[in-house]
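Chains, contacts and geometry: an overview
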Amino acid sequence: MKKNAAIIGFGGMGGWHANFMRHSDVINLVGVYDIKPERNAAAEEQGIRAYASLEELLADPAVELVTIATPNDVHKELAIRAMEAGKHVVCEKPVTMTSADLQDMIDASNRCGRIFTVHQNRRWDGEFLVMRDVYRSGDLGPIHHIESRCHGSRGIPGDWRQEPEYGGGMVFDWGIHLIDQIMGIVHDRTLRRVWCHCDHITNELVDDGFKLEMFFDGDLTALVEVGTSNFINMPRFYMTGRDGSAIIPEWGQPCREVWCFNYNEKDVVPVRTAAGITKTMAPRDEKSLSEKFIEQPHADVHDYYRNVVRAIDGEEEQLVTHHQMMVDIKIIEAAFESDRTGLPVDVELKF
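Residues numbered from 1 in each chain as written. Predicted model: local features only at pLDDT ≥ 70, side-chain atom pairs only at ≥ 80, totals over all residues. Heavy atoms only, no water.

Let's talk about the overall build of the protein chain
Going by this rule: Strands here mean DSSP runs of E at least two residues long; helices mean DSSP runs of H or I at least four residues long; both are numbered from the N terminus. Exposure is judged per residue with a 1.4 Å probe applied to protein chains only, and the accessible area is read against the type maximum: over 50% gives exposed, under 20% gives buried, and values in between give partly exposed. The criterion used for residue contact is that any of the two residues' heavy atoms lie within 4.5 Å. Only the protein chains shown count as cover for residues, and all accessible areas are computed by the Shrake-Rupley method using a 1.4 Å probe.
Within the protein chain one finds nine helices and 16 strands. Once the C-alpha set of the protein chain is aligned to its principal axes, its extents read approximately 75 × 45 × 40 Å. Within the protein chain, the fraction of its 351 residues that count as buried is 50%. Partitioning the intrachain contacts of the protein chain with sequence separation of at least 6 by distance along the chain shows that 69% fall at a separation of at least 24. As displayed, the protein chain has an accessible area near 16,600 Å², and 50% of this comes from carbon and sulfur atoms.

Structure below.
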């Protein structure tokens, strides 16, 4: 059965949610509310009801589900108020800015008996789904390193994302997605340590990029990197194991998987460089390697809302759990601490 939903915040992501809801098989959009009158007017121009106040939205008995798409600093207050008003809640990422605030939100969910989750829509990215499958397939042998990057050259969006009091910066904006994806791929390992360095190339107040190193059980490492001043992009994903490697160069491209069937090849032609020769770094060829290309699967991001509705009806467990939300935020907290001190931070976290 369709659920009646309302959206708090009608900016970029609020409009994105509204568009999906208006074409949904599980959600009926009943209205939106934004603190900016011009955004409410924009909603009405699209034929969407705009509530006169937050109080009017929360008091409407027709509203069963509230999606919060506001700046990050008010997520906690709005989510708790909505749950106390009897509404189920979907919160845009990051769910909030500290693990203590998140615990208060989880406590409210349990106290009110309402579904509460965060919109981790990047779990439906084709790049992530392919790399998760490659990791689980065993094709590359035991995996020892994964790299995940998002590179751009346009700086931080020119809005509240440039201001620390609203939870701006790339760790919160893109880091939360890439961290969640890495933890989803490496689902069978415990994260033991993180080290992070934040960039301030175009913005001194918040990070406009970062490098996060993650150290897991079993000598597996991961590098998560976001940059907004990169004019040549490095690969979106790279994974390597004992027996092979896999790479996705750019968004939407197939995964190239290469594995070795003749590791101890004897007939190696040395590479000649300006200063000498090397067999160690000589490239392999068809005498010892096989390869295949894996197309990205079709994924419907609206399955997220289908799961939320089924969770409300008690038919499924919610896909983005309270525990996973907490793990992501605690990794971000450790990353900020590492950047502040310049030292690695010990953790013990697992999806």
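With respect to the pattern of salt bridges
Operational definition: Between Lys or Arg on one side and Asp or Glu on the other, a salt bridge is scored when a side-chain nitrogen of the former is within 4 Å of a carboxyl oxygen of the latter.
Under the definition given, this model contains 26 salt bridges. A salt bridge links Asp180 to Arg123, with the nearest nitrogen and oxygen atoms 2.7 Å apart. Taken together, the residues span a long stretch of sequence, with Asp180 in helix H7 (residues 170-185) and Arg123 in the loop between strand S5 (116-118) and helix H6 (126-137) at a distance of 57 residues. Asp180 sits in the buried class, given a relative accessible area of 2%. Across the pair Arg256 and Glu291 runs a salt bridge, and its minimum N-O distance is 2.7 Å. Linking Arg256 in strand S12 (residues 255-260) with Glu291 in strand S15 (residues 289-294), this pair joins segments that are 35 residues apart in sequence. A relative accessible area of 38% means that Arg256 is categorised as partly exposed.

A word on the nonpolar core
Convention followed: Definition used in this section: a nonpolar core is a set of buried Ala, Val, Leu, Ile, Met, Phe, Trp, Tyr and Cys residues joined via side-chain atoms within 4.5 Å.
Membership of the largest hydrophobic core comes to 100 residues, with the highest contact counts inside it found for Phe116, Ile146, Leu212 and Met214. The biggest single contributor to this core is H7, with nine residues. Filtering out sequence-adjacent residues up to four positions away, Leu212 remains in contact with Ile179, Val194, Trp195, Cys196, Ala222, Leu223, Val224, Ile331 and Ala335.

What about the sheet that holds strand S11 (residues 244-248)?
Heads up, the condition is: Between any two strands, at least two bridges found by DSSP are needed for them to pair. Every angle, taken between N-to-C directions, lies between 0 and 180 degrees, and every axis is a line fitted to C-alpha atoms, over only the stretch in contact when it is a helix.
If you walk across this open sheet you meet the nine strands as S15-S12-S11-S10-S6-S9-S8-S7-S16, and the pairing is mixed. Here the strands that pair on one side only, and so sit at the sheet edges, are S15 and strand S16 (345-349). For this sheet the average axis-to-axis angle between neighbouring strands, irrespective of direction, equals 15°. Sheet analysis places strand S7 (residues 191-199) next to S16, joined by three bridges and oriented antiparallel. Paired with Leu191 across the strands is Leu349, a residue of S16.

Section: the sheet that holds strand S4 (residues 88-91)
Pairing in this open sheet of five strands is parallel, and the strands run S2-S1-S3-S4-S5 from one edge to the other. At either margin of the open sheet sits one strand with a lone partner, and together these are strand S2 (27-33) and S5. Direction aside, neighbouring strands of the sheet carry axes that sit 20° apart on average. Bridge count between strand S1 (residues 3-8) and S2: six bridges; the pairing is parallel. Within the sheet, the bridge partner assigned to Ile7 lies in S2 and is Val32.

A closer look at the packing of aromatic side chains
The condition that has to hold: Any pair of Phe, Tyr and Trp rings, taking the six-membered ring for Trp, is counted once the centres come within 6.5 Å. Such a pair is stacked with planes under 30 degrees apart, edge-to-face with planes over 60 apart, and tilted for the rest.
Within this structure, the stated rule accounts for five aromatic pairs. Between Trp124 and Tyr304 the ring centres are 6.1 Å apart and the planes differ by 90°, which places this aromatic pair in the edge-to-face class. One end of the pair, Trp124, is in the loop between S5 and H6; the other, Tyr304, is in helix H8 (residues 303-312), with 180 residues separating them in the sequence. Both residues of the pair, Trp124 and Tyr304, belong to the buried class. Between Phe172 and Phe336, the aromatic rings sit 5.5 Å apart at their centres with planes inclined by 65°, giving edge-to-face as the arrangement.

A short note on the packing of H6 against H7
Convention followed: An angle counts as roughly parallel when it lies under 35 degrees, as roughly antiparallel when it exceeds 145, as roughly perpendicular when it falls between 65 and 115, and as oblique in every other case. The sense of a crossing depends on the near helix, which, turned anticlockwise from the far helix by less than a right angle, makes the crossing left-handed and, turned clockwise, makes it right-handed. Each residue gets one label: Ala, Val, Leu, Ile, Met, Phe, Trp, Tyr, Cys and Pro are nonpolar, Asp, Glu, Lys and Arg are charged, and the others, such as Gly, are polar.
Packing of H6 against H7 leaves a shortest axis separation of 9 Å and a crossing angle of 25°. With respect to H7, the axis of H6 lies roughly parallel. Note that H6 runs across H7; the crossing there is right-handed. Residue-level inspection shows Phe128, Met131, Arg132, Tyr135 and Arg136 of H6 in contact with H7, the latter providing Gln181, Gly184 and Ile185. Class assignment of the residues belonging to the contact of H6 with H7 gives a composition of four nonpolar, two polar and two charged.

Some remarks on helix H5 (residues 99-112)
Side chains three or four residues apart in an α-helix point the same way, a direct result of the helix having 3.6 residues per turn. This is how it is decided: Every helix has an expected span of 1.5 Å times one less than the residues it contains.
Helix length check: H5, at 14 residues, gives a terminal C-alpha distance of 20 Å against a target of 20 Å (1.5 Å per residue), a fit within 8%. Within H5 the residues assigned to the buried category are Ser99, Leu102, Met105, Ile106, Ala108 and Ser109. For H5, the elements touching its buried residues are helix H4 (75-84), S5 and helix H9 (322-341). Downstream of H5 by one or two residues, Gly113 has phi in the positive range, about 65°.

Quick word on the pairing of strand S8 (residues 209-216)
For S7 and S8, the ladder comprises eight bridges, and the chain directions are antiparallel. Looking at S8, one finds that Asp199 is bridged to Gly209. As paired elements, S8 and strand S9 (residues 220-227) share eight bridges and run antiparallel to each other. Bridge assignment links Phe216 to a residue of S9, and that residue is Leu220. Between the antiparallel neighbours S8 and S9 lie three residues, among them Gly218 with a positive phi of about 75°.

Considerations on the environment of Val226
Structurally, the position occupied by Val226 is in strand S9. Here Val226 falls in the buried class, since its relative accessible area comes to 3%. Between the C-alpha atom of Val226 and that of Asp173, which follows or precedes it by 53 residues, the distance is 9.9 Å. Val226 has contacts with Cys150, Met170, Trp174, Leu178, Asp199, Gly209 and Phe210, leaving out every residue within four places of it along the chain.

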